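Survey of secondary and tertiary structure
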Amino acid sequence: MSNMAALDTLERPLRDLRISVTDRCNFRCPYCMPKEVFGRDYSFLPREELLSFEEITRLARIFVANGVEKLRLTGGEPLLRRDLETLVSMLAEIDGVEDLAMTTNGSLLAPRANILKAAGLKRVTISVDSLDEAVFKVMNDVDFPLDAVLEAIEAANDAGLTPIKLDMVVKRGVNDADILDMARYFRGSGHIVRFIEYMDVGNTNGWRLDDVVPAAEIISRINAVWPIEPLPANYPGEVAERFRYVDGKGEIGVIASVTQPFCGGCTRARLTADGQLFTCLFATKGYNLKKLLRAGASNAEIERYIRSVWGARDDRYSELRASNTIPLEKVEMSRIGG
Ligand code: SF4
């Protein structure tokens, strides 16, 4: 296998693989999986269509051999996939995996944090859209209590799944009034709150630009109370822009896909639970790796295919968003896990 990082048409190396292990979730966040669309009758992927842990691990090994250093488990809600710890331990054994992380809504994490850590998970990103109980419930739309997620943050911290990142998707008029409370609560905790601009992911969240609170406004609101200053990126292509509190009380981040696109450094590929490769969060087309796997293709054949897909990649949706006039049939966020 090659060991040379695959480069796309904009010379962006393939460095990160986000692996969605299920399209199901126990939340119905309106910005990702609105209840009206993802209701009782919605047909989620049947079990036999899901990649097995062996298939996911085989693909991950090929991606790592072609430059991937960071694996992130996502969903839907990844902890809904049974025995996820087993997959974690299989992925943790792959030579060359420098980082193995998971993005979760935290609802199922508390009792499993230690087992996941023991299996080889390095760290977690937990979604927390508000510290106001009522707003939190509006944002998950299944009346799920905030306390359980706060417990999960503590359990993850105790288990050593750190540094913990806490993602807040900010929507004007819904939870933007909670930005300062979120900053205040986690200042000095060691956890990193990342404020995310509300995005037009998928086709079902009714996105409007008016509902976006620009990162610059979020930063200026926080800076007015607790002075902050920029920090350099931890690595090329890091999604969040980093800031530190001048008084030493830690770090925050903003993810500004709408107002400050970062496609130029995007090194992320995404694998769906049914084995489709997507090269952008806002992609309209996936590439079927499961078909190759189940047709008996060799690792070399699959590698060639992955390299040809990445090699032809020219995605920069966020940079072109404003000039997009044709509505696109984009992949749903819950299928590729953000
Ligand atoms: S819009 Fe697509 S290409 Fe741009 S940063 Fe996001 S995932 Fe990468």
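Preceding block: the structure.
I will try to describe carefully the structure that is included in this document. (Residues numbered from 1 in each chain as written. Predicted model: local features only at pLDDT ≥ 70, side-chain atom pairs only at ≥ 80, totals over all residues. Heavy atoms only, no water.)

1. Points about the overall build of the protein chain
When you go through the protein chain residue by residue, the secondary structure sums to 11 helices and 12 strands. The globule rule puts the C-alpha radius of gyration for 338 residues at 20 Å, and the 19 Å found for the protein chain is close to it. Taking the principal axes of its C-alpha atoms as reference, the protein chain extends roughly 60 × 45 × 45 Å. Among the 338 residues that make up the protein chain, the fraction classed as buried is 54%. Accessible surface, the protein chain: about 14,400 Å² in total, of which carbon and sulfur atoms supply 52%. Measuring between centres, the 43 positive side-chain charges of the protein chain sit 3 Å from its 49 negative side-chain charges. (Helix = DSSP H or I, 4+ residues; strand = E, 2+ residues; numbered from the N terminus. Rg over C-alpha atoms; globule rule 2.2 N^0.38 Å. Buried < 20%, exposed > 50% of the residue type's maximum accessible area, 1.4 Å probe, protein only. Areas by Shrake-Rupley, 256 points an atom, 1.4 Å probe, with all protein chains shown as cover. Lys, Arg positive; Asp, Glu negative; His and termini not counted. Charge placed at Lys NZ, Arg CZ, Asp CG, Glu CD.)

2. Some thoughts on the sheet that holds strand 6 (residues 192–197)
Within the open sheet, the 12 strands sit side by side as 7-8-9-6-5-4-3-2-1-10-11-12. Their pairing is mixed. Every interior strand has two partners, whereas the edge strands, strand 7 (228–231) and strand 12 (287–288), have only one. For strand 6 and strand 9 (residues 251–255), the ladder comprises four bridges, and the chain directions are parallel. In the strand pairing of strand 9, isoleucine 196 is matched with isoleucine 255. Of the strands in this sheet, strand 1 (16–20), strand 2 (70–74), strand 10 (268–271) and strand 11 (276–278) touch helix 1 (residues 53–65), which is tilted by about 170 degrees from strand 1. (Pairing = 2+ DSSP bridges. Contact = heavy atoms within 4.5 Å. Axes fitted to C-alpha atoms, helices over the stretch in contact; angles between N-to-C directions.)

3. As for the site of the ligand
Around the ligand sit Phe262, Cys263, Cys266, Arg268, Arg270, Cys280, Leu281, Phe282, Arg313, Asp315, Tyr317 and Ser318, and those are all the residues in its vicinity. Taken together, the elements giving at least two residues each to the shell around the ligand come down to strand 10 and helix 10 (317–320). Per-class residue counts for the shell around the ligand are seven nonpolar, one polar and four charged. (Near = heavy atom within 4 Å. Nonpolar A, V, L, I, M, F, W, Y, C, P; charged D, E, K, R; others polar.)

4. Section: the nonpolar core
With 106 residues, the main nonpolar core has Ile19, Leu91, Leu109, Phe195 and Ile222 as its most contacted residues. In terms of residue count, the dominant contributor to this core is helix 5 (residues 146–159) (eight residues). For isoleucine 222, the contacting residues outside a window of four places in its chain are Ile179, Leu180, Ala183, Phe195, Ile228, Tyr245 and Ile252. (Core = buried A, V, L, I, M, F, W, Y, C linked by side-chain atoms within 4.5 Å.)

5. Quick notes on the layout of surface pockets
The volume enclosed by the largest pocket comes to roughly 330 Å³. Lining the largest pocket we find 17 residues, and of these Thr279, Ala283, Thr284, Asp314 and Asp315 sit closest to its centre. Of the residues assigned to the lining of the largest pocket, the class counts are nine nonpolar, three polar and five charged. In this structure, the second largest pocket spans a volume of roughly 220 Å³. (1 Å grid on protein atoms, 1.4 Å probe; cavity = no way out; pocket = protein on both sides within 12 Å on 5 of 7 lines; lining within 4 Å. Points joined across faces, edges and corners; volume = space filled by probe spheres on them.)

6. Comments concerning the pairing of strand 5 (residues 165–170)
Buried residues dominate strand 5, accounting for six of its six residues. Neither face of strand 5 is exposed, since Lys165, Asp167 and Val169 on one face and Leu166, Met168 and Val170 on the opposite face are all buried. The pairing of strand 4 (residues 123–127) with strand 5 spans three bridges and is classified as parallel. What sits directly across from serine 127, in strand 5, is aspartate 167. Two strands pair when backbone bridges link them, and strand 5 and strand 6 are joined in this way by six bridges, in the parallel orientation. Residue pairing in the sheet places valine 169 in a bridge with isoleucine 196 of strand 6. Regarding the hand of the β-α-β motif, the stretch spanning strand 5, helix 6 (residues 179–186) and strand 6 is right-handed. (Right-handed = clockwise from strand over helix to strand, strands pointing away.)

7. Here we look at the pattern of salt bridges
Within the structure shown, the criterion is met by 25 salt bridges. Note that arginine 15 is salt-bridged to glutamate 69, the shortest N-O span being 3.8 Å. Pair noted here: arginine 15 is in the segment before strand 1 and glutamate 69 is in the loop between helix 1 and strand 2, with a separation of 54 residues, a long-range link. On the accessibility criterion, arginine 15 (28% relative accessible area) is partly exposed. (Salt bridge = Lys/Arg side-chain N within 4 Å of Asp/Glu carboxyl O.)

8. Quick look at a negative patch on the surface
The grouping of Asp147, Glu151, Glu154 and Asp158 at the surface amounts to a negative patch. With respect to the helices, strands and loops of the structure, glutamate 154 is situated in helix 5. According to the relative accessible area criterion, glutamate 154 is exposed, its value standing at 55%. (Patch = residues over 30% accessible without salt bridge, like charges linked within 9 Å, V, L, I, M, F, W, Y side chains within 5 Å.)

9. Description of the environment of arginine 58
Mapped onto the elements, arginine 58 comes out in helix 1. Look at arginine 58 and you get partly exposed, because its relative accessible area is 27%.

10. A look at helix 2 (residues 84–92)
What helix 2 keeps buried is the set Leu84, Glu85, Leu87, Val88, Met90 and Leu91. Structurally, helix 2 contributes buried residues whose contacts are with strand 1, helix 1, strand 2, strand 3 (99–104) and helix 3 (113–119).

11. Let's talk about the packing of helix 1 against helix 9 (residues 299–311)
One can describe the packing of helix 1 onto helix 9 by two numbers: an axis separation of 10 Å at closest approach and a directional angle of 60 degrees. Viewed along their axes, helix 1 and helix 9 adopt a mutual orientation that is oblique. Remark: the crossing between helix 1 and helix 9 carries right-handed chirality. From helix 1, Arg58, Leu59, Ile62 and Phe63 reach across to helix 9, where they touch Asn299, Ile302, Glu303 and Ile306. Considering only residue class, the contact of helix 1 with helix 9 consists of five nonpolar, one polar and two charged. (Parallel < 35°, antiparallel > 145°, perpendicular 65-115°, else oblique. Left-handed = near helix turned anticlockwise from the far one by under 90°.)

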